[in-house]
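# Breakdown of the fold
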Amino acid sequence: MNLLSVDDLTKEEVNEIFGIADNLKNGNVEISLKDSVLALLFEKPSTRTRVSFEAAMAQLGGHSIYIDSRTSQMSRGEPMSDTAKVLSGYVDFIAARLYKHEDLLELANNSSIPVINALTDLEHPCQALSDLYTMQSIKRKLKSIKFAFLGDIAANTANSLMLLGAKMGMEVSLVGPKNYPPNSRYFTKAQEYGIVKVYDDPKEGLSDVDVLYADTFVSMGEEKEAERRLKMFAPYQLNKKLLDYAKSDAVVMHCLPAHRGVEITADVLDGPKSIIWPQSKNKMLVEKAILLYLSERSM
Ligand code: CP
Ligand code: NVA
């Protein structure tokens with residue numbers, strides 16, 4: 001079994017992963033990845049995802065190996081399919097952060113071990129799972145929680161959050177520029193699961209919202225478009241004014257890395273409604289739960 005998309009999991013399976021995370025938090029799970037090895041195959045930079053997966057494996061009794069595309073034979077064009085077959089003979093899991101989602105599919109299709117999406121151009125499923133776990137911990141439920149994603153509503157993070165949010169019963173608002181639609185495949189699918197709406201007016205889109213979420217305006221791989229994107233998304237900066245449109249007990253999230261003064265202001269990021277640091281900390285807990293879940297399923 002792989003985790004390539006949040007849609008690889010049913011609602012019940014998501015709750016199962018959250019249950020493992022709860023047990024881990026309460027110290028109720030025995031370390032069970034002794035001698036297992038995770039390969040972290042990364043084409044793009046990472047701080048949180050890399051370190052949290054490496055620390056997770058160490059704490060679960062296993063090991064991890066970071067493989068950077070620049071210093072491996074990936075830099076010389078070795079096909080993803082060959083890399084997949086070779087790594088499958090050495091390690092027990094692969095977590096891959098790749099530019100193209102189709103390369104991840106090629107990797108997974110040629111691997112005989114579980115492959116985890118650690119971010120592609122289309123999705124960031126571990127982030128979304130961890131973020132919903134955080135929302136549930138803080139709001140005590142997910143059903144009918146009003147969630148708003150601001151800015152680049154067609155980005156990987158938005159795709160995974162809208163799909164998972166709708167699947168888990170949240171009411172999702174995508175708040176971004178008028179002529180900038182969400183990814184149609186993800187949007188259509190998410191609408192099949194639940195309530196997902198698009199707004200270009202922040203006041204309307206954020207009214208009565210419980211959770212506000214920001215991500216960078218310029219995702220990795222889109223640097224050439226930076227100038228246009230910074231201008232286009234500027235009205236959707238998560239600042240005090242926009243925060244005031246939401247519920248009085250609304251919380252603020254950001255997957256990080258953040259750019260203070262661009263997609264979010266420093267006073268909001270570091271302010272009393274921010275749950276960004278516990279959100280970031282939970283990544284490791286949920287990644288541990290994902291690894292344990294996949295390991296059990298793959299036996
Ligand atoms: N949120 C996240 O995936 O961070 P990194 O890019 O540092 O891994
Ligand atoms: N949308 C961002 C997420 C970073 C964790 C990116 O792809 O760069």
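Read on for an overview of the structure. (Residues numbered from 1 in each chain as written. Chains lettered and ligands numbered in written order. Predicted model: local features only at pLDDT ≥ 70, side-chain atom pairs only at ≥ 80, totals over all residues. Heavy atoms only, no water.)

On to the overall build of the chain. Helices and strands together make up the secondary structure of the chain, namely twelve helices and nine strands. On C-alpha atoms alone, the chain measures out to a radius of gyration of 19 Å, which is about the 19 Å that the 2.2 N^0.38 rule sets for 299 residues. Across its three principal directions, the C-alpha atoms of the chain cover 55 × 45 × 35 Å. With 299 residues in all, the chain has 56% of them scored as buried. Of the contacts made within the chain by residues no fewer than 6 positions apart, 75% connect residues no fewer than 24 positions apart. Of the accessible surface of the chain, which amounts to about 13,000 Å², a share of 50% is contributed by carbon and sulfur atoms. (Helix = DSSP H or I, 4+ residues; strand = E, 2+ residues; numbered from the N terminus. Rg over C-alpha atoms; globule rule 2.2 N^0.38 Å. Buried < 20%, exposed > 50% of the residue type's maximum accessible area, 1.4 Å probe, protein only. Contact = heavy atoms within 4.5 Å. Areas by Shrake-Rupley, 256 points an atom, 1.4 Å probe, with all protein chains shown as cover.)

In the vicinity of ligand 2, the contacting residues are Leu119, His124, Asn156, Thr157, Asp215, Thr216, Ser219, Met220 and Leu256. The side chain of Asn156 places a nitrogen or oxygen atom 2.8 Å from an oxygen atom of ligand 2. Take Ser219: an N or O atom from its side chain is 2.7 Å from a nitrogen atom of ligand 2. Burial of ligand 2 by the protein amounts to 95% of the accessible area it has alone, namely 260 Å². Here the shell around ligand 2 is composed, by residue class, of three nonpolar, five polar and one charged. (Near = heavy atom within 4 Å. Polar contact = N/O pair within 3.5 Å; in protein donor to acceptor, adjacent residues only side chain to side chain. Nonpolar A, V, L, I, M, F, W, Y, C, P; charged D, E, K, R; others polar.)

Ordered by their spatial adjacency, four strands build an open sheet running 2-1-3-4, and the pairing between neighbours is parallel. Each edge of the sheet is formed by a strand with only one pairing partner; in this case those strands are strand 2 (63-68) and strand 4 (115-117). Neighbouring strand axes in the sheet, compared pairwise and without regard to direction, differ in orientation by 20 degrees on average. The pairing of strand 1 (residues 37-42) with strand 3 (residues 93-97) spans five bridges and is classified as parallel. Each bridged residue has a counterpart across the sheet, and for Leu41 the counterpart in strand 3 is Ala96. Across the face of the sheet, helix 2 (residues 48-59) comes into contact with strand 1, strand 2, strand 3 and strand 4 while running at roughly 170 degrees to strand 1. Where helix 4 (residues 101-109) meets the sheet, its contacts fall on strand 1, strand 3 and strand 4, and the angle it forms with strand 4 comes to roughly 165 degrees. (Pairing = 2+ DSSP bridges. Axes fitted to C-alpha atoms, helices over the stretch in contact; angles between N-to-C directions.)

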